[in-house]
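# Remarks on the overall topology
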Amino acid sequence: PNDYRPQEEYPGPAPLSEPEARLMFRIIHAVEPQAMVNVHSGMYGLFVPPDSSPIMSNNPAHLAEVKLLHQMNERWLGGKCPIGSVGYAVGYVAYGCLSEFMEKGFGITSAQTWEIAGNELTSPRNCYEMFNPIEPDDIQEHRRIWTAMVLNHIVNLYKGMVPGIRSSEDDFSREVAVLPNPDACGLTQMHVDAMDGLNDLALGRGDRQERRDFVEKALARTPDMHMPLLGEDIPAEWLNLTWLNEGPPDYLKPRPKRPPGGPSEENGFNRGEKEKPAVGDTIVKGGVAVTANRAANRASVMMSSYTIMLMGLVLLAITLFVFRRRGRRNAKPRRRYRVWDVV
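Here we summarise the structure given alongside this text.

About the thresholds
Residues numbered from 1 in each chain as written. Predicted model: local features only at pLDDT ≥ 70, side-chain atom pairs only at ≥ 80, totals over all residues. Heavy atoms only, no water. Pairing = 2+ DSSP bridges. Helix = DSSP H or I, 4+ residues; strand = E, 2+ residues; numbered from the N terminus. Axes fitted to C-alpha atoms, helices over the stretch in contact; angles between N-to-C directions. Contact = heavy atoms within 4.5 Å. Phe/Tyr/Trp six-rings, centres within 6.5 Å; stacked < 30°, edge-to-face > 60°. Buried < 20%, exposed > 50% of the residue type's maximum accessible area, 1.4 Å probe, protein only.

Two pairing modes exist for strands in a sheet, parallel and antiparallel, and in both the strands are linked by backbone hydrogen bonds. Overall, mixed pairing links the four strands, which are arranged E1-E4-E2-E3 in an open sheet. Looking along the sheet, the strands with just one partner apiece sit at the ends: strand E1 (35-40) and strand E3 (83-85). Shown here is a sheet whose adjacent strand axes are inclined to one another by a mean of 30°, direction ignored. Of the strand pairs in this sheet, strand E2 (residues 43-48) and strand E4 (residues 110-117) are connected by five bridges, and their pairing is antiparallel. Bridged to Tyr44 within E4 is Ile116. The sheet contacts of helix H5 (residues 98-106) involve E1 and E4, and relative to E1 the element is tilted by about 165°.

Shown next as structure tokens:
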């Protein structure tokens, strides 16, 4: 992808090249699960695939899952978790995630991601507190809540509330149909139309064939945002066409270069602005012309700082060496005892 950062998300030289990925592949291939939950921490959230797009997949299973997750979120977590597409909720898309691989690679119907803990107020450097509850009461409360969430999820799967698991893959159950449509992340109007049509089919409202055609059209019209890869051209419809015709807004335009004659209203600079002199500019201090000689970049400043630190360490080492030798010269010789003298 265009925003790929290998220093943070290196996937290996080839698919399944890393030992952890091969181990997970063998476990999944041997167990053949029908559902999975990928447990994370760092925030609170209940998500369904895909992770590589801000738009949630539109199919009966995912639509039923967000309705069930909304009910569980309100019951056990007080509604504090965002639900839906993780690519929309966290503000960035992620590629090669486990839940999406499970769904597309193994055909698993229910592949969810749960973010079970997070402290957004702590420093990013304090990883343990950012990703884990600290106080004993908080730890006990997390155990209670998320144990209840897991048991509730298992019951929903056993009852066939997720289409495709112990139930038809094209229809809602009556228990899911009576739940309200959630305000989930990554939903479009096509998702809402499909949920309404599936609710009507499960509850026997309206003409069945007309409702079925309505659902199929809504599923087919759902946009699929394919994220561009390295070397691909970004489609023009993704860009703001106003920018293409009129250019970027003023706050994103580069500032004009400093004119040779100094700032003025005519050349776009405000006389009232106090601008830092550039390298080689002539400024007047006390009637004397002085040429500004600022550092061209931060490298020279860093080198100067390192030199000062190194010299300080050398002087400290020399001082300790000298004082230690003087102390040894001035000290009185200690009497040496033989073993038989002590006895």
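Before going further, it helps to examine the packing of aromatic side chains. Under the counting rule described, the total for this entry stands at three aromatic pairs. An angle of 50° between the planes, with centres 5.5 Å apart, marks the rings of Phe25 and Phe106 as tilted. Placement of the pair is Phe25 in helix H2 (residues 19-31) and Phe106 in helix H5, with a sequence separation of 81 residues. Judged by centre distance (5.8 Å) and plane angle (40°), the ring pair of Trp114 and Trp146 falls under tilted. Highlighted residues: Trp114 in strand E4 and Trp146 in helix H7 (residues 136-158), separated in sequence by 32 residues. Here Trp114 matches Trp146 in class, with each residue buried. An aromatic cluster of three or more residues is present, and its members are Phe25, Phe101 and Phe106.

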